[in-house]
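Observations on the three-dimensional arrangement
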Amino acid sequence: MTTLLATWDRPGEVAIQSAWKARSQGADLISTLEQGLATAELDENLIAIGAGSVPNSKGIIELDASIMEGREFRSGAVCAVTDIVPVISVARAVMEKTPHVMLAGDRARDFALSLGMKPRDLSTENSRERYAEWLKTQPDVAAYVHASTDKMGDTITMIGLEEGPHVVAASSTSGLPFKLPGRVGDSPIIGAGIYADDEVGAAGATGNGEALWREVASLRAVEAMAHGMTPQQACEHVIRHLIRRQPESLALPSVVFAMNVKGEFGAATCISPFQLWVCRDGEFEMVVFEPISL
Ligand code: GLY
């Protein structure tokens, strides 16, 4: 049995369907998640990640991505990368071709070019229009995030489980809309945006990157499962802790989701509903989680 999870309605559907297609054609779990996220990064209609996503405050799309496998804790990540897609493939190459965990900014871009990837303009007519509108009105970023995360999310994070048991987690994002150039959120940070441990399970996050990073949300969820909580209890534990200890962060949604090595999964969200795609050997289902409070 292969179980895949992917965040958010529209972008998650694109990612999980592409991931399952790769899996059904024989891809290993790392390639399965890479394929799912790469397809979504290359889809210019999705505003959460990759080409056509929401730019920073200077109008430039800066991307973050990460991947971690739970057998040996091998991990790779890139942050603040411009002109390159899919950055999830660069993160994978950091994991597999270097002794490092993360490469940043222009040096990550140089690394991608050394792999033979070609630079390209990631902006689209839509992303330029969104930026122009934002420049005119300078709306509250929180209001924008609430509107844009309704179905499109701010990040796609995925978890995969196969017999072994073996888990892999991966994430890709353009980060907080209209962020300061160089700002990095939780998604490429191992422990914050993703975590995977074959002895326990895996977790991922999406939403308010600063709050989720301060929580070290994914590791916190995996540790809670290691101490006996179900995935649902573990995710609620993390989000309740965030609500109690970081109440100022509630201007933006924060979400944690997790799966244990038995294939049980759960998620918790604050402020707004969260949609999680589940695929069990090609059977797809979207589960909606309502916000919790203390
Ligand atoms: N969760 C994505 C970010 O804040 O960058």
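For the structure, see preceding data.
Presented here is an overview of the structure given in this document. (Residues numbered from 1 in each chain as written. Predicted model: local features only at pLDDT ≥ 70, side-chain atom pairs only at ≥ 80, totals over all residues. Heavy atoms only, no water.)

Brief notes about the sheet that holds strand 7 (residues 194-197)
Formally: Strand pairing is defined by DSSP finding a minimum of two bridges between the two strands. Helix and strand definitions here come from DSSP, where helices need a minimum of 4 consecutive H or I residues and strands a minimum of 2 consecutive E residues; each element is numbered from the N-terminal end. Fitting a line to C-alpha atoms yields each axis, with helices limited to the stretch in contact; the angle taken between N-to-C directions then spans 0 to 180 degrees.
The strand order across the open sheet formed by 4 strands is 7-8-9-10, and the pairing between neighbours is antiparallel. In this open sheet, the two edge strands, each paired with only one partner strand, are strand 7 and strand 10 (265-270). This sheet shows a mean twist of 10° between the axes of neighbouring strands, independent of strand direction. Taken together, the 4 bridges between strand 7 and strand 8 (residues 201-207) define a ladder with antiparallel strand orientation. Across the sheet, residue aspartate 197 finds its bridge partner in strand 8, namely glycine 201.

Notes on the site of the ligand
Rule in force here: We call a residue near a molecule or strand when any one of its heavy atoms sits within 4 Å of it. Throughout this description, a polar contact denotes any pair of N or O atoms lying within 3.5 Å of each other; where both atoms belong to protein, one of them has to be capable of donating a hydrogen while the other can accept it, and for residues adjacent in sequence the pair is counted only when both atoms sit in side chains. Computed by Shrake-Rupley with a 1.4 Å probe, the accessible areas treat only the displayed protein chains as cover when residues are assessed. Basically, the charged four are Asp, Glu, Lys and Arg, the nonpolar ten are Ala, Val, Leu, Ile, Met, Phe, Trp, Tyr, Cys and Pro, and anything else, Gly included, counts as polar.
If you check the shell around the ligand, you find Asp154, Thr155, Thr173, Gly175, Leu176, Arg183, Gly185, Asp186, Ser187, Gly207 and Gly209 and nothing else. The separation between a nitrogen atom of the ligand and a polar side-chain atom of threonine 155 is 3.4 Å. About the coverage of the ligand: the protein hides 100% of its 200 Å² of free accessible area. Looking at the shell around the ligand residue by residue, the classes come out as 1 nonpolar, 7 polar and 3 charged.

Some details on helix 2 (residues 29-42)
Every α-helix winds through 3.6 residues per turn, so residues three or four apart in the chain are directed the same way. The test is simple: By definition here, a helix of n residues has an expected span of 1.5 Å times n minus one. Whether a residue is buried, partly exposed or exposed follows from its accessible area with a 1.4 Å probe, protein chains only, as a fraction of its type maximum: under 20%, in between, or over 50%, in that order. The contact rule is simple, with two residues in contact once any of their heavy atoms fall within 4.5 Å.
With 14 residues, helix 2 should cover 20 Å at 1.5 Å per step; its first-to-last C-alpha distance of 20 Å lies within 8% of that length. For helix 2, a buried count of 11 out of 14 residues is recorded, marking the element as mostly surrounded by other parts of the structure. Of the positions making up helix 2, those classed as buried are Leu29, Ile30, Ser31, Thr32, Leu33, Glu34, Gly36, Leu37, Ala38, Ala40 and Glu41. In the core, the buried residues of helix 2 are packed alongside strand 1 (3-7), helix 1 (9-24), strand 2 (63-69), helix 3 (87-97), strand 5 (155-162) and strand 6 (166-173).

Focus on the side chain of threonine 98
As for its placement among the helices and strands, threonine 98 is situated in the loop between helix 3 and strand 4 (102-104). Assessed through its relative accessible area of 17%, threonine 98 is described here as buried. In terms of polar contacts, threonine 98 uses its side chain to reach the backbone amide nitrogen of histidine 100, at 3.0 Å. Aside from chain neighbours lying at most four places away, what touches threonine 98 is Ala93 and Phe111.

Considering unusual backbone geometry
With omega at -5°, the peptide bond leading from valine 85 into proline 86 counts as cis. Position of proline 86 relative to the elements: it lies in the loop between strand 3 (75-81) and helix 3. In this structure, proline 165 follows glycine 164 across a cis peptide bond, with omega equal to -5°. Its place among the elements puts proline 165 in the loop between strand 5 and strand 6. Look at tryptophan 8: it is not a glycine, yet its phi comes out positive at around 75°. Along the chain, tryptophan 8 falls in the loop between strand 1 and helix 1. The phi angle at aspartate 83 is positive, at roughly 70°, despite the residue not being glycine. On the secondary structure map, aspartate 83 appears in the loop between strand 3 and helix 3. What makes aspartate 83 partly exposed here is its relative accessible area of 28%.

Let's talk about the packing of aromatic side chains
The condition that has to hold: Ring pairs shown here join Phe, Tyr and Trp side chains whose ring centres sit within 6.5 Å, with only the six-membered ring taken for Trp; geometry is labelled stacked below 30 degrees between planes, edge-to-face above 60, and tilted in between.
Tallying each qualifying case throughout the model produces 6 aromatic pairs. When the centroid spacing of 5.9 Å and the interplanar angle of 45° are considered together, the rings of phenylalanine 73 and tyrosine 195 count as tilted. Within this pair, whereas phenylalanine 73 is found in the loop between strand 2 and strand 3, its partner tyrosine 195 is found in strand 7, the two being separated by 122 residues in sequence. Taken together, Trp8, Phe257, Phe274 and Phe289 form an aromatic cluster joined through their ring pairs.

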